[in-house]
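Descriptive structure summary
One letter stands for each residue in the lines below.
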Amino acid sequence: MYRQFKQQQETMVKNDIEVGSRIVCDGFIATVRYMGTVPPTEGQWLGVEWDDSERGKHDGSKDGIVYFKTSSPTGGSFIRPKKAEVGMSCFAAVNERYGLIDETDANTDKLFINTGRNKTTTSVELVGFDKVNKKQSEFEKLEEVVLRNMKVFGAASYHLLSQNVANIIELDLSQNLIPSWEEVSKITNQLKLLKSLNISENRLTLPENPSKLKECFSSLQTLYMNRMKLQMSFSDILFCSEMWPNLENLHICFLELQTLTNPRNLLNRLKILNLESNPLDNWDEVMKLSSLKRLETLVLNGTGLDQISLPGNPTEKTTAFTNLLSLSLSRNKISEWSSINELNKLMKLEEIRFKKNPLCETVNVETLRQLLIAKLGNLKVCDRTEVTTAERKGSEIDYLKRFGPMWLEAGGNSDPILNKPSAEFILQHPRYQHIVEHYGAAEQSEMKQQSTTLKDNLISVSITCPQSPPKKTLTKKLPLTMTVQKVKTLVNRLLKADISTLKLSYISKDTTGPEIDLDNDLRQLSFYSVENGDTLIAKWCQQ
């Protein structure tokens, strides 16, 4: 298949290998560290350091002579130059992936694919393929370009990108053969509208003078640098950040970062910082980022954090992370509620993601969510689900009841003059007094210690079906922790109802008010305050 600009293809392939070049040999990627002879053999050799250190045989030494050095004792090899594949320029890759197919091939509208080990082929008809190809090949309209794993080595010494694909806004150059940030800058300098760049899984040497490259990245707002193959420290990233004067979103995941550095006046436009799966197990390291005054989203999933501590009084807001709206803490080692209390000090925190922490195993999912909502006064989204006004009210009232006895024992009182809870209680429940002031203290009869035994959590309810009078009203003992979905399953088994259209509600034994809908299958009966002696009503759509 021949594509447009085919006559230029050969001139865009890098013919000159040099020390520092990234190459592919037998499907493995390496960096050229040496070029020359290796006596007693004849001819030229390339000394390479493999990205996969187990691929090599030595550290760059042979017969007592050091030709080059590797970071691993088994990271080096010598290969013949003819075995080295050096890839293609960025524009050649764009042309390869998005270029117009030669009409002699496009007219067939067929693609030939390998069907087995014997390398037999079969044709697949591509309906409308020519139309799709023609649309993609309108280079001046390309805005999102993905060149992942296309063996791109750099820009080459041409202006083909600026002349043909100048409107690219998002560019994915992940997992390629680009050797340095200077080479990246030669690409981005031709793309003046570029806002998002993915350079993940490359091995880029640091720039000598990043400030000189500012103009090449002047429009860049989002940068992905995940799983970089060259070991980098956070200080290295800050050093490079002088190239990105307008960067707002930075993703640096899986970089083995163990420590951080105060950015001070760098990255001062940053709004989103993703540090997922870096071993930052000490919250003191995270605090070094508090100088990022515009930071709104911080992702710390899978970092090994076991506790959180913010400066300031337990009941007051902190001056750290003053604009932080969203915090992701899933897959960590947080096991104490004190860390959640600390998060309430954050002035604007509205969203939290907290799945798969040890603390999640101490209570059921429903109770965990209720406690997170009650303890974090500004929370609007919890684990990707919106917190409604009704849910906040229910969670905070339940919180009053749950810890009411402890509050009274610690010196709490519904009389404001006598209300003097201990410092220890305030430390454990810094929002409790605020909730009391908002709703009033719970009644003594409501302040019941929740039993952990199944027997004490069982309630007796009646189950009735108005749509089918012949069916008798049933009486069942159900656990308060039973979800609405499981109750529906029970009703389906008892009354042979169509579970897909089944709706449940209940009437309290103590009131003559309207039915209360059990409208969330994931909620427990306790959430709706279903009590002993209440009546569950089952309804479903009839065909």
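Use the structure listed above.
This next bit is on the overall build of the protein. Within the protein, the secondary structure is distributed over 14 helices and 26 strands. When the 543 residues of the protein are sorted by exposure, 45% land in the buried category. Summarising the internal contacts of the protein: among those between residues at least 6 apart in sequence, 68% fall at separations of at least 24. Total accessible area on the protein stands at roughly 28,800 Å², and carbon and sulfur atoms take up 49% of it.

A word on empty space enclosed by the protein. For the structure shown, the criterion picks out three cavities of 30 Å³ or more. Taken as a whole, the largest cavity spans an internal volume of roughly 60 Å³. For the largest cavity, the full set of lining residues is Thr188, Leu191, Lys192, Leu194, Glu215, Cys216, Phe217, Ser218, Ser219 and Leu220. When grouped by side-chain class, the residues that make up the lining of the largest cavity number five nonpolar, three polar and two charged.

Note the cis peptide between Pro39 and Pro40, where omega equals 5°. Position of Pro40 relative to the elements: it lies in the loop between strand E2 (28-36) and strand E3 (45-50). Within the chain, Leu267 stands out as a residue other than glycine whose phi angle is a positive 50°. Inspection of the secondary structure puts Leu267 in the loop between strand E15 (249-251) and strand E16 (272-274). The backbone of Arg384 shows a phi angle near 75°, a positive value even though the residue is not glycine. Mapped onto the elements of the fold, Arg384 is located in the loop between strand E20 (381-382) and strand E21 (385-386). Exposure remark for Arg384: the relative accessible area of 64% places this residue in the exposed category.

In this section: the pairing of strand E22 (residues 458-464). For a regular strand, side-chain orientation follows a simple rule: the groups alternate between the two sheet faces. The alternating pattern of E22 places Ile459, Val461 and Ile463 on a buried face, while none of Leu458, Ser460, Ser462 and Thr464, on the opposite face, is buried. Note that E22 and strand E23 (residues 474-479) share six bridges and pair antiparallel. Residue pairing in the sheet places Ser462 in a bridge with Thr475 of E23. Taken together, the three bridges between E22 and strand E26 (residues 535-539) define a ladder with parallel strand orientation. What sits directly across from Thr464, in E26, is Ile537.

Bringing the sheet that holds strand E12 (residues 170-172) into the picture now. Strands sit in the order E10-E12-E13-E14-E15-E16-E17-E18-E19-E20-E21 across an open sheet of 11 strands; the sheet is mixed. Where the open sheet ends on each side, the last strands, each with one partner, are strand E10 (144-146) and E21. Here E20 runs beside E21; their pairing, made up of two bridges, is antiparallel. In the strand pairing of E21, Cys382 is matched with Thr385.

Okay, the layout of surface pockets next. For the second largest pocket, the calculated volume is near 290 Å³. Around the second largest pocket, the lining comprises 18 residues; the ones closest to its centre are Thr315, Asn344, Pro430, Arg431 and His434. Every element with two or more residues in the lining of the second largest pocket is listed here: helix H12 (423-428) and helix H13 (432-439). The biggest single contributor to the lining of the second largest pocket is H13, with three residues. Grouping the constituent residues of the lining of the second largest pocket by class yields seven nonpolar, seven polar and four charged.

Two strands pair when backbone bridges link them, and strand E24 (residues 503-507) and E26 are joined in this way by five bridges, in the antiparallel orientation. Bridging across to E26, Ser505 finds its partner in Ile537.

Calculation notes
Residues numbered from 1 in each chain as written. Predicted model: local features only at pLDDT ≥ 70, side-chain atom pairs only at ≥ 80, totals over all residues. Heavy atoms only, no water. Helix = DSSP H or I, 4+ residues; strand = E, 2+ residues; numbered from the N terminus. Buried < 20%, exposed > 50% of the residue type's maximum accessible area, 1.4 Å probe, protein only. Contact = heavy atoms within 4.5 Å. Areas by Shrake-Rupley, 256 points an atom, 1.4 Å probe, with all protein chains shown as cover. 1 Å grid on protein atoms, 1.4 Å probe; cavity = no way out; pocket = protein on both sides within 12 Å on 5 of 7 lines; lining within 4 Å. Points joined across faces, edges and corners; volume = space filled by probe spheres on them. Nonpolar A, V, L, I, M, F, W, Y, C, P; charged D, E, K, R; others polar. Pairing = 2+ DSSP bridges.

Read these as geometric descriptors, not functional statements.
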